[in-house]
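Observations on the model geometry
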Amino acid sequence: MGRATAGSARRSRRGSAAASSPAGGSRRGRGKAAGGAPAGPGAQTQPPGPGAFDLGAQSGRWAAFQERHRLSCEEAARLLLDAYEYRGLVKHTGGCHCGAVRFEVWASADLHVFNCNCSICTKKQNRHFIVPASRFKLLKGADNLTTYTFNTHCAQHTFCKTCGVQSFYTPRSNPDGYGIAPHCLDDGTVQTIVTEDINGKEWEKAVKEHKTIRDMSKP
């Protein structure tokens, strides 16, 4: 388990496509070596480095997309990357009973839920599905969460200070992700739930022998 983290999204400063993208500069720089001198016969141009890109024929569409939706270059890129990386996923929303804690999470509409029989999961009926940390966003309630740990202190059992409901937590098996309580999701986005029993009474053996649980928190 890892520390349960909570944060809010920061809105990036708006910037123009021309200011944020090296596309224009890369076109002007063609035919020149890195130092600015004309490239000799047979010289090869270097491909853009990580984070740099040339929009080419799509420059006009990109600028129009930003203008139409009033997005900075970073916001537009994040929107399109999310659409690509989250294909086949849906955005679930949920929270605690009193409403002080709210979150959103990207996951399949068909959930694979673990039913653990360790001491604490039995006491609080902690059925959960696992997602990477990058697909979870706490919308509100960071200051209304408290955390309980025990034994190895790896699992971070976070719950609402007001109503006591644990709607998500950081599992010991997946410290780089979150365990989400399916019964704390809002109605309308879950299609099916498949439940798998896991022997938490022999936690080390069960996790070691499980073929996929560790990978469930990988982006």
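Refer to the preceding data block for the structure.
All values derive from a computational prediction rather than experimental measurement.

**Focus: the packing of aromatic side chains**
Taken as a whole, this structure holds six aromatic pairs when the rule is applied. With 5.9 Å between their ring centres and 70 degrees between their planes, phenylalanine 103 and phenylalanine 168 make a pair best called edge-to-face. Of the two residues, phenylalanine 103 sits in strand E2 (residues 102-107) while phenylalanine 168 sits in strand E8 (residues 168-169), which places them 65 residues apart along the sequence. Exposure class is identical for phenylalanine 103 and phenylalanine 168. Each is buried. Ring centres of phenylalanine 136 and phenylalanine 168 lie 4.7 Å apart, and the angle between their planes is 45 degrees; on these two criteria the pair is classed as tilted. Placement of phenylalanine 136 in strand E5 (residues 136-140) and of phenylalanine 168 in strand E8 is noted, with a sequence separation of 32 residues between them. Taking the relative accessible area as the measure of exposure, phenylalanine 136 reaches 9% and is therefore buried. The buried category is assigned to phenylalanine 168, whose relative accessible area is 1%. Taken together, Phe103, Phe136, Phe168 and Tyr178 form an aromatic cluster joined through their ring pairs. Lysine 124 extends its terminal NZ or CZ atom over the ring of tyrosine 169, reaching a point 5.4 Å from the ring centre.

**Notes on the environment of alanine 133**
Along the chain, alanine 133 turns up in the loop between strand E4 (127-132) and E5. In this structure the C-alpha to C-alpha distance between alanine 133 and asparagine 174, which are 41 residues apart in sequence, comes to 9.7 Å. Look past the residues within four positions of alanine 133 in its chain and what remains in contact with it is Asp176, Gly177 and Tyr178.

Conventions adopted
Residues numbered from 1 in each chain as written. Predicted model: local features only at pLDDT ≥ 70, side-chain atom pairs only at ≥ 80, totals over all residues. Heavy atoms only, no water. Phe/Tyr/Trp six-rings, centres within 6.5 Å; stacked < 30°, edge-to-face > 60°. Helix = DSSP H or I, 4+ residues; strand = E, 2+ residues; numbered from the N terminus. Buried < 20%, exposed > 50% of the residue type's maximum accessible area, 1.4 Å probe, protein only. Lys NZ or Arg CZ within 6 Å of the ring centre and 35° of its normal. Contact = heavy atoms within 4.5 Å.

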